[in-house]
Amino acid sequence: MSAGDIETFHRNGIWFNRIEGESQTLGSSFESEDEAVKVGRSAAVARQVAHTVRTQEGPSKDARAFDLHPRELIG
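So, a few notes on the structure that sits alongside this text. This is a predicted model, so every value here is computed, not measured.

## Some thoughts on helix H1 (residues 33-47)
If you check H1, its first and last C-alpha atoms are 21 Å apart, about what 15 residues at 1.5 Å a residue would give, namely 21 Å. Buried residues of H1: Ala36, Val37, Gly40, Arg41, Ala43 and Ala44, and no others. Buried residues in H1, looked at end-on, bunch into an arc of 160°, giving them a common side. Exposed side chains of H1 directed beyond 90 degrees from the buried face belong to Asp34, Lys38 and Ala46. Of the residues flanking the end of H1, it is Gln48, one or two places downstream, whose phi is positive at about 55°.

Here you go:
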C-alpha cells in the first residue's frame, strides 16, 4: 500500500477505515465488514487510490479484489 491509499481493518470486533500513513480512522466505526468495505471502497474511488481489506490475522482472502486501483476497474 502507498501513502494515501484506503485500508479497511478489523480490531476488537469492530471494523474501521483509515488512510494509509495516518493514525486516525476515517469516519465512524462499523459492526459489519460489508458496511466498512462499502464505505472504504467509496472513499478510495472518490480519492482515486487503492483499497485494501485486512483482518487481525492479516490480509483478507478477498483482498486482491480490493487491491486494484479504481481506475483499473473502469472499463
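Still to come is the rest of the account.
## Let's talk about the pairing of strand S1 (residues 6-11)
Relative to strand S2 (residues 14-19), S1 runs antiparallel, the two sharing six bridges. For Glu7, the partnering residue across the bridge sits in S2 and is Arg18. The turn joining S1 and S2, which pair antiparallel and follow one another in sequence, is formed by two residues; a positive phi near 55° is taken by Asn12. Across three bridges, S1 lies against strand S3 (residues 51-55) in parallel orientation. Paired with Ile6 across the strands is His51, a residue of S3.

## Quick notes on the packing of aromatic side chains
Summed over all chains, the structure comprises one aromatic pair. With a centroid separation of 5.5 Å and 25° between ring planes, the pair formed by Phe9 and Phe16 is classed as stacked. Grouping residues by exposure puts Phe9 and Phe16 together as buried. Between the NZ or CZ atom of Arg18 and the centre of the ring of Phe9, over which it lies, the distance is 3.9 Å.

What counts and how
Residues numbered from 1 in each chain as written. Predicted model: local features only at pLDDT ≥ 70, side-chain atom pairs only at ≥ 80, totals over all residues. Heavy atoms only, no water. Helix = DSSP H or I, 4+ residues; strand = E, 2+ residues; numbered from the N terminus. Expected span 1.5 Å × (residues − 1). Buried < 20%, exposed > 50% of the residue type's maximum accessible area, 1.4 Å probe, protein only. Arc of directions from axis to C-beta. Pairing = 2+ DSSP bridges. Phe/Tyr/Trp six-rings, centres within 6.5 Å; stacked < 30°, edge-to-face > 60°. Lys NZ or Arg CZ within 6 Å of the ring centre and 35° of its normal.

Take it as geometry only, folks, not as evidence of what the structure does.
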